[in-house]
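So the chains spell out like this:
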Amino acid sequence: MKKLLVLLAAVFCVAAASDPSERLPDPGQEARARAIFAEVRCLVCQNESIDDSSAELAADLRLLVRDQIRSGKSDDQVRTYLTDRYGEFVLLKPAFSWGNAVLWGAPFVVVILGVLLLLRNLRTPRPYAELSEAEAARLAALADKEQT
């Protein structure tokens with residue numbers, strides 16, 4: 001039974017491995033490509049890197065990264081190419097920008113402002129508005145009508 005489980009695990013590992021024909025012949029370039037794979041989001045799975053994903057789009061992105069590296073582009077140029085083509089969402093860890101800071105900080109600011117407004121409204125009592133003469137007369141008429 002144990003040998004069968006080991007054999008099945010080996011088959012699954014081979015099935016999950018990338019196609020050797022896709023790999024770059026230069027081990028240094030392949031290592032660079034694999035490092036970039038870990039930083040790029042699979043646009044289908046969204047919470048996996050293209051290195052971990054088995055989606056067809058992830059395979060296409062891996063080929064695209066390898067082609068960029070094969071053509072002599074630096075890692076930064078490959079990342080720039082991907083973000084220009086797919087947007088910053090393609091990176092698992094996007095670079096800091098004020099737009100991202102506002103996006104992440106806005107919910108906290110809204111909650112803090114809501115709590116401050118709530119506390120202000122609870123602490124400061126609102127004075128009742130004085131009734132006009134017409135309102136006071138109508139209220140007295142309604143009270144007299146109810147008592148009879």
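For the structure itself, look to the data block above.
Residues numbered from 1 in each chain as written. Predicted model: local features only at pLDDT ≥ 70, side-chain atom pairs only at ≥ 80, totals over all residues. Heavy atoms only, no water.

(A) The packing of helix α2 (residues 27-37) against helix α3 (residues 56-70), seen in detail. At a minimum axis distance of 10 Å, the contact between α2 and α3 shows a crossing angle of 135°. As judged from the angle between their axes, α2 and α3 are oblique. Like other packed secondary-structure pairs, α2 and α3 cross with a definite hand, here right-handed. Residues Q29, E30, R32, A33, R34, I36 and F37 of α2 form the contact with α3, whose own contacting residues are R62, V65, R66, I69 and R70. In terms of residue class, the contact of α2 with α3 is made up of five nonpolar, one polar and six charged. (Axes fitted to C-alpha atoms, helices over the stretch in contact; angles between N-to-C directions. Helix = DSSP H or I, 4+ residues; strand = E, 2+ residues; numbered from the N terminus. Parallel < 35°, antiparallel > 145°, perpendicular 65-115°, else oblique. Left-handed = near helix turned anticlockwise from the far one by under 90°. Contact = heavy atoms within 4.5 Å. Nonpolar A, V, L, I, M, F, W, Y, C, P; charged D, E, K, R; others polar.)

(B) Molecular detail of the side chain of S49. Note on placement: S49 falls in the loop between α2 and α3. Residue class for S49 comes out buried when judged on its relative accessible area of 6%. In this structure, S49 is in contact with F37, A38, V40, R41, C42 and L92, ignoring residues within four places of it in sequence. (Buried < 20%, exposed > 50% of the residue type's maximum accessible area, 1.4 Å probe, protein only.)

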